[in-house]
Amino acid sequence: MITEDAKQKFNELFGYESQRLFFSPGRINLIGEHTDYNGGNVFPCAISLGIYAAYGDRDDNTVRMYSMNLPDQGTVEFSLDDLHFDKADGWSNYPKGMIAEIINQGHKLSHGFDVVVNGNLPDGAGLSSSASIELLTAEIVNDVFSFGIDQQELVNYGKLVENNFIGVNSGIMDQFAIGMGKKDKAILLDTNSMKFEYVPVELGNHVIVIMNTKKHRELADSKYNERRAECEEALKRLQTGVKIDSLGDLSEAEFDENSYLINDETLIKRARHAVFENQRTLLAKAALIDSDLETFGKLVNASHVSLHYDYDVTGKELDTLAETAWEQPGVVGARMTGAGFGGCAIAIVEKDKVDDFIKNVGDTYEKTIGHPGEFYIAEISDGPREIK
Ligand code: GLA
């Protein structure tokens, strides 16, 4: 078992029994992609795939961390007195960044600790392994040192870690979805006002299948920051003629009337995606509440098409998964989820068609791309927590 393995590895590496166990989920986004840094709506949920941590106190100022998912990186060791980004430290920059941020916010950790993490969340697969490890660290530190920091504050710290420590200009969606996750609920979050609402995900005789391209990518190396800069430039040009603070302020019609102000084909496409995706997300939420899965699925498909043609973040792997999924019996909708450029897609599939679905999409994917994909059934889960 995943937690038993973590405890055993802890003992083996550090020579004493771990004292506590923690868990943090990954996330999928149902719809509302690349809208969270454009003042738009997102509609994600936390999933039961995630990262577990076996934890033990130390009495000095050292932190030691080991990931059973990335054994090549060995045990990473750093001091609470010297928390700087170091590329050589790989994944542990995320926990390190979170610890640094918590200290930065005025909290004092009275001692170091040892941690072994073990996850069933595929790493670098667009299911937010990085936000998961950030919020896992936040959960551990907040709990062990009884800081009582509000969960939404920790979510904000996670974004600061990405933006300032790691150097990815990401929005708030991933940290929010994970930190605020609730079983069987999606979160409709307006990233402009930060107002949010839990919406039950009731799919009747359908399930959500996660489809992994197995094309690894790190946001830090992707065109993520470039897309964000393109949206900022489009906004700046729009603001010469309309009074808006973000692309999320525009309706589709207002965008069409004013897109001449942008006057650049690529920038118009990027901004159009942000504006239309934002509105699509609200329609999708309403369809889900009305149990109108057919409409929901069409909006999900439209999101993928827009991310392909207008936003240009899908790529051959994600397109193959989504387009093959669309052709299968019992499929309501399918799209890439997360940042894109590889990573994962999701499909809403009739329960008794899932086996055929996985076989057919899996075969076509492997034939077209040259390596197999991977498939999981998504269970929508609670946020970070201690496991007793
Ligand atoms: C990544 C970022 C999020 C969001 C998505 C795209 O997951 O971390 O903030 O921008 O991409 O919707």
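Notes on the structure in this doc start here. (Residues numbered from 1 in each chain as written. Predicted model: local features only at pLDDT ≥ 70, side-chain atom pairs only at ≥ 80, totals over all residues. Heavy atoms only, no water.)

### Notes on the overall build of the protein
Rules: Starting at the N terminus, helices and strands are each numbered in turn, a helix being any DSSP run of H or I of at least four residues and a strand any DSSP run of E of at least two. A radius of gyration in this sense is built from C-alpha atoms; the matching globule rule multiplies 2.2 Å by the number of residues raised to 0.38. The buried label applies to any residue whose accessible area, calculated with a 1.4 Å probe on protein chains only, is under 20% of its type's maximum; exposed applies above 50%, and partly exposed to all values in between. Contacts: residue pairs with any heavy atoms within 4.5 Å of one another. All accessible-area figures derive from a Shrake-Rupley calculation using a 1.4 Å probe, and residue coverage is judged against the displayed protein chains alone. As used throughout, the charge tally considers Lys and Arg to be positive and Asp and Glu to be negative, leaving His and the chain termini uncounted. Just so you know, the charge point we use is NZ for Lys, CZ for Arg, CG for Asp and CD for Glu.
When helices and strands are tallied, the protein shows 11 helices and 13 strands. The C-alpha atoms of the protein give 21 Å as radius of gyration, which agrees with the globular expectation for 388 residues (21 Å, within 12%). For the C-alpha atoms alone, the extent of the protein along its principal axes is close to 65 × 50 × 40 Å. By the burial criterion, 60% of the 388 residues in the protein qualify as buried. Long-range pairs, those at least 24 residues apart, make up 73% of the contacts in the protein between residues at least 6 apart in sequence. Here the protein has roughly 15700 Å² of accessible surface; of this, 45% comes from carbon and sulfur atoms. Across the protein, the 37 positively charged side chains and the 63 negatively charged ones have centroids separated by 1 Å.

### Side note on helix 3 (residues 129-144)
The following threshold applies: A helix is expected to reach a length of 1.5 Å times the quantity of its residues less one.
Taking 1.5 Å as the rise per residue, helix 3 with 16 residues should run 22 Å; its terminal C-alpha atoms sit 22 Å apart, in good agreement. The buried fraction of helix 3 is high, at 14 of 16 residues.

### Here's the deal with the site of the ligand
Threshold: Any residue with a non-hydrogen atom lying within 4 Å of a molecule or strand is treated as near it. What qualifies as a polar contact is a pair of N or O atoms within 3.5 Å, subject to a donor-acceptor requirement within protein and to the restriction that residues adjacent in sequence count only when both atoms come from side chains. Any residue outside Ala, Val, Leu, Ile, Met, Phe, Trp, Tyr, Cys, Pro, Asp, Glu, Lys and Arg is labelled polar, Gly included; the first ten of those are nonpolar and the last four are charged.
Around the ligand, the structure places 13 residues, and the nearest of them are Glu33, His34, Asp36, Asp174 and Tyr224. Within the contact set of the ligand, an oxygen atom lies 2.6 Å away from a side-chain nitrogen or oxygen of Glu33. Within the backbone of Gly171, one N or O atom sits 3.0 Å away from an oxygen atom of the ligand. Considering the ligand on its own, with 310 Å² of exposed area, one finds that the protein chains cover 98% of that surface. Residue classes in the shell around the ligand are distributed as 5 nonpolar, 4 polar and 4 charged.

### Here we look at the packing of aromatic side chains
Put simply, the rule reads: Note on ring pairs: Phe, Tyr and Trp rings are taken, using the six-membered ring of Trp, and paired if centres are within 6.5 Å. Classes follow the plane angle, with under 30 degrees stacked, over 60 edge-to-face and the rest tilted. The criterion for a charge sitting over a ring is simple: Lys NZ or Arg CZ within 6 Å of the ring centre, and within 35 degrees of the ring normal.
Tallying each qualifying case throughout the model produces 10 aromatic pairs. Taken together, a centroid distance of 5.4 Å and an interplanar angle of 40° make the contact between Tyr55 and Phe113 tilted. In this pair, Tyr55 sits in strand 3 (residues 44-57) while Phe113 sits in strand 6 (residues 113-119), placing the two residues 58 residues apart along the sequence. Residue Tyr55 is classed as buried on the basis of its relative accessible area, which comes to 1%. Summarising the aromatic geometry, the rings of Phe196 and Tyr198 are spaced 5.8 Å apart at their centres and angled 90° between planes, so their arrangement reads as edge-to-face. Look at Phe196 and you get partly exposed, because its relative accessible area is 31%. Note that Lys96 overlies the ring of Phe78, its terminal NZ or CZ placed 5.4 Å from the centroid. The cationic tip of Lys182 hangs over the ring face of Tyr198; the distance from NZ or CZ to the ring centre is 4.5 Å.

### Concerning unusual backbone geometry
Its identity as a non-glycine residue notwithstanding, Ser128 has a phi of 65°, on the positive side. Mapped onto the secondary structure, Ser128 falls in the loop between strand 6 and helix 3. For Ser128, a relative accessible area of 6% corresponds to the buried category. A positive phi angle is found at Asp312, which is not glycine, with a value near 55°. Looking at the secondary structure, you find Asp312 in the loop between helix 9 (293-309) and helix 10 (315-326).

### A word on a negative patch on the surface
For clarity, the cut-off: Residues qualify for a patch when their relative accessible area is over 30% and they have no salt bridge, like charges being joined within 9 Å and the nonpolar side chains of Val, Leu, Ile, Met, Phe, Trp and Tyr within 5 Å. Salt bridge criterion: a side-chain nitrogen from Lys or Arg within 4 Å of a carboxyl oxygen from Asp or Glu.
On the surface, a cluster of negative charge is contributed by Asp245, Asp249, Glu254, Asp256 and Glu257. Overall, the relative accessible area of 33% leaves Asp249 in the partly exposed class.

### Details of the pattern of salt bridges
By the definition in use, this model includes 28 salt bridges. Among the ionic pairs, Glu230 bridges to Arg227, the shortest N-O distance being 3.2 Å. One end of the pair, Glu230, and the other, Arg227, are both in helix 6 (residues 224-238), 3 residues apart, so they sit about a helical turn from each other. The buried category is assigned to Glu230, whose relative accessible area is 14%. Its salt-bridge partner being Asp310, residue Arg272 comes within 2.9 Å of it at the nearest N-O pair. Of this pair, Arg272 sits in helix 8 (residues 265-289) while Asp310 is found in the loop between helix 9 and helix 10, placing the two residues 38 residues apart along the sequence. Three or more residues are tied together by salt bridges with common partners; here these are Lys223, Glu226, Arg227, Glu230, Arg270 and Asp312.

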